[in-house]
Amino acid sequence: MSSSPVKSATIDAQLARPLERALDWALGLADSQGRLICPEHGVEHTGKSACVAILALELGRALGRQDYLDAAVAQGRRLVARLEREGDSPCFTFRPGRHDPFNCSNSVIDGGACSDALGSLVLELGDSLGADDRAAFARACVLHARTYLRYAAVDKGVPAQRAWALTGLARAIEVERRYPELLEGESQAPGDGVLVEAGRRAVEILAAIQHADGSYPYHPLEWGAGHPGASDVSSFYQSRVTGFLLFALPGLGLEPKAAQQREGLEAGLDFLAGLQGPDGVKCGLVEAKPWYWGATYEVASHPFDVFTLARGGALFGRDDWLRAARRAHRVWGDHLTGDGQPTSHRPGPGRGRSYQCPLFWAGHACWAARALPELSAASDTDEGQVQPSVRWFAEAQVARLEDACVVAWVRGARPRPNVHHGSPLGAGLLRVVERGSGRELLPRCRLGGHNLAEWSGLAGHLAPARGWRAGGEELRFSLWLARVEARAGRLGSALRTPLAVARRGILAFAHPRVSSAFDAEPEVDLIDHGLVVRSRLAHRDGEHVVGSALERTFRVDGQGLAVRDALASAGAARRVTFLHPGARTPIGGPVIGYRIGPSSSSPSPGGPAGGIG
């Protein structure tokens, strides 16, 4: 079974309340036919309706709310009504899936959630579910798994999508085991092992694509990524693969604690936890898919984080992961609007609208609801004395430095990005957060070429060919983004979208601006409580400035982050300056020393490496 390892726990009503608010908002979207119609896209996102059904089921059972259970069953009936055969194909899929582009999803994501929801209703409600509903839900769950999910789980190009297929497969397998009589007369005999075989093969494939440091590529190049940046790791998607595996493995007859599974699960959990700050927010600049978000951070992925960290923490006895789960849940709840509508980030200067919609995010809250027993049993006790340390995730090229005062993230190499794919900044600091208050100590602009704590200048002249190589193909995608804006009634935004992509994706890459944050191929050496990044100035696409060289040292010492930034040579670049994070004014080199912490000091040009700040 995929149930919680916490055998019995009194559900904390305060932890459940944000989930109730999100559910109430989502259910309020229902039309006269019970369809949850998205205000943004004007469609019934069937896969998200499935997630809402799970959310209502989990909260109904946890809180004794019959109205929520009734709502879950009603959405289950909607799912059955949307299961259709794909033309002459033997596959049955849940519509709209890929058939309506404004669904903004695909058949495997929606199908995994639908089979999961239908199977969960059958398995969790048992005899309290009417006989007709129980039979219809069971047959739809298994039919989709047998004709579609068993194939999608092993051939989709995105690991998170394969893993989502596994959630539906696992539920279908459990339905076949427990209720074979409900499936009598089906064209394919239940219990013949084909679903288990497909699921276990998918697990093996996911294990093979996982990096040794626990991270996953968002879309591996060998699986068909259209741009190198898409193969970068993703703070948004990381918890999905690990969390879905934690959920699905028991249904496949695989023990998560067994050595063969445990190593990858713990590595994935460790990388996920390493991305989270003391404020509960992850380092959003580690992201293969930055076009999804209107800010440098997002909390839309937190329900997946909550489930993964809480389930993993309880399973493997890791209190630090349980604390991280509670932090993630708290911050997600803090981002709800007054009527319970989830948001991805707070508004602010330079921030805009995210691509996904609030109905997606409300539905995804089901994963946090599944972790309520673990969250309620967990403690908020302090983690105790924090010693200066550095954790290096080698394949992702991400370092987490922390002491009693700050937590900082430094990026080394990364796939070369364009405007939509790949982490936009690297070869230096990504984020610094004060441990006690959670205060952001280093504001970043993901689109900027002149960020704090970075060297920047000019090299060459405007290069239209370089700009077109970087972003020419993205103009076509901008037309789709414009269509989505127009569908939502934002005609002005629709007209501006292609112009914005041309400006950010072509002109910005053609501009002579160079920065220390644009180098995609630095070298990193670990030192005591820190690391040294040896890099070069580069254009946005990673093209190096000939003859340039930098040596950047980052170290935590118990009083914060100490940095020595040395420009050994500007090479062919001109007007190169450093934007000091304290003075916030450009400073000439060649060596800048500074400290970021509770009481950051003024710049100390030429300061020795051992006496920074």
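A separate point is the nonpolar core. Among the nonpolar cores identified, the biggest contains 133 residues, and Leu-19, Leu-55, Leu-59, Leu-166, Leu-245, Leu-309 and Tyr-355 are the most heavily contacted of them. With 11 residues, the top contributor of residues to this core is helix H5 (residues 131-155). Core analysis: the second largest hydrophobic core is formed by 33 residues, Ala-399, Leu-452, Ala-453 and Leu-531 among them.

This brings us to the pairing of strand E11 (residues 548-556). When strand E10 (residues 530-535) meets E11, the two strands line up antiparallel, connected through 6 bridges. Each bridged residue has a counterpart across the sheet, and for Arg-534 the counterpart in E11 is Glu-551. Where E11 meets strand E12 (residues 561-570), 9 bridges bridge the pair, whose relative direction is antiparallel. Within E12, the position partnered with Arg-552 by the bridge is Asp-565. Taking the residues that link successive antiparallel strands as the turn, the E11-E12 hairpin has 4 residues, and the phi of Gly-558 there is positive, at about 95°.

This next bit is on the state of the cysteines. A covalent bond between the sulfur atoms of two cysteines is what we call a disulfide. Applying the stated criterion across every chain yields a total of 0 disulfides. There is no disulfide at Cys-283, and the cysteine sulfur nearest it, in Cys-445, is 15 Å away. Lacking any disulfide linkage, Cys-366 is separated from the closest cysteine sulfur, that of Cys-51, by 4.2 Å.

Turning next to the packing of aromatic side chains. To describe a pair of aromatic rings, you give the distance between the ring centres and the angle between the ring planes. Under the definition given, this model contains 20 aromatic pairs. A centroid spacing of 4.8 Å and a plane angle of 85° characterise the contact between Trp-291 and Tyr-292, whose relative ring orientation is edge-to-face. Tyr-292 sits in the buried class, given a relative accessible area of 7%. An aromatic cluster of three or more residues is present, and its members are Tyr-218, Phe-236, Tyr-237, Trp-291, Tyr-292, Trp-293, Tyr-355 and Phe-477. Looking at Arg-240, its charged tip hangs above the ring of Phe-304, at a distance of 4.0 Å from the centre. Residue placement shows Arg-487 over the ring face of Phe-102; its charged tip is 4.0 Å from the ring centre.

What follows concerns the sheet that holds strand E6 (residues 428-434). Pairing within the open sheet is antiparallel, and its 4 strands lie in the order E3-E4-E5-E6. The sheet is open, and its two borders are formed by strand E3 (389-393) and E6, each paired with just one other strand. Sheet twist, expressed as the mean angle between neighbouring strand axes with direction ignored, is 15°. Sheet topology note: the E3/strand E4 (residues 398-402) ladder contains 5 bridges and is antiparallel. Bridge pairing links Trp-392 to Ala-399 in E4. Lying on the sheet, helix H9 (residues 259-275) is in contact with E3, E4 and strand E5 (406-411); it crosses E3 at an angle near 125°.

What follows deals with the packing of helix H3 (residues 66-81) against helix H4 (residues 107-125). Across the interface, H3 lies against H4 with an axial gap of 10 Å and an inter-helix angle of 135°. Here H4 runs oblique to H3, going by the angle between their axes. Here the hand of the crossing between H3 and H4 comes out left-handed. Residues Leu-69, Ala-72, Val-73, Gly-76, Leu-79 and Val-80 of H3 pack against Cys-114, Ala-117, Leu-118, Leu-121 and Leu-125 of H4. Classifying every residue of the contact of H3 with H4 gives 10 nonpolar, 1 polar and no charged.

Take the pairing of E6 next. Within a regular beta strand, the side chains point alternately toward one face of the sheet and then the other, so they alternate between its two faces. Among the 7 residues that make up E6, 7 are buried, leaving the element largely enclosed by the rest of the structure. As judged from the 6 bridges shared by E5 and E6, these two strands associate in the antiparallel manner. Among the inter-strand pairings, Arg-411 is bridged to a residue of E6, identified as Gly-428.

In this section: the packing of helix H8 (residues 238-248) against H9. For the pair H8 and H9, the least separation of the axes is 10 Å and the interaxial angle reads 145°. Along this stretch, H8 crosses H9, giving a crossing that reads as left-handed. Where H8 abuts H9, its residues Gln-238, Ser-239, Thr-242, Leu-245 and Leu-246 lie against Leu-265, Gly-268, Leu-269, Phe-271 and Leu-272. The residue inventory of the contact of H8 with H9, partitioned by class, reads 6 nonpolar, 4 polar and no charged.

Let's shift gears to the pattern of salt bridges. For the structure shown, the criterion picks out 38 salt bridges. Notably, a salt bridge pairs Glu-176 with Arg-146, separated by 2.7 Å at the nearest N-O pair. Of this pair, Glu-176 sits in helix H6 (residues 159-178) while Arg-146 sits in helix H5, placing them 30 residues apart in sequence. We note that Glu-176, like Arg-146, is buried. Three or more residues joined by partner-sharing salt bridges are found here, namely Glu-58, Arg-61, Asp-116, Glu-124, Arg-171, Glu-174 and Arg-370.

With that out of the way, let us pick up the confidence of the model for the chain. Averaged over all residues, the pLDDT of the chain is 94; the fraction at 70 or higher stands at 95%. The low-confidence segment residues 601-613, where pLDDT is below 50, has 31 contacts with residues more than four positions distant or belonging to other chains.

Here Glu-58 is to be found in helix H2 (residues 46-63). Taking the relative accessible area as the measure of exposure, Glu-58 reaches 13% and is therefore buried.

Reading the values: the criteria
- Residues numbered from 1 in each chain as written.
- Predicted model: local features only at pLDDT ≥ 70, side-chain atom pairs only at ≥ 80, totals over all residues.
- Heavy atoms only, no water.
- Core = buried A, V, L, I, M, F, W, Y, C linked by side-chain atoms within 4.5 Å.
- Buried < 20%, exposed > 50% of the residue type's maximum accessible area, 1.4 Å probe, protein only.
- Helix = DSSP H or I, 4+ residues; strand = E, 2+ residues; numbered from the N terminus.
- Pairing = 2+ DSSP bridges.
- Disulfide = S-S within 2.5 Å.
- Phe/Tyr/Trp six-rings, centres within 6.5 Å; stacked < 30°, edge-to-face > 60°.
- Lys NZ or Arg CZ within 6 Å of the ring centre and 35° of its normal.
- Axes fitted to C-alpha atoms, helices over the stretch in contact; angles between N-to-C directions.
- Contact = heavy atoms within 4.5 Å.
- Parallel < 35°, antiparallel > 145°, perpendicular 65-115°, else oblique.
- Left-handed = near helix turned anticlockwise from the far one by under 90°.
- Nonpolar A, V, L, I, M, F, W, Y, C, P; charged D, E, K, R; others polar.
- Salt bridge = Lys/Arg side-chain N within 4 Å of Asp/Glu carboxyl O.
- pLDDT = per-residue confidence, 0-100.

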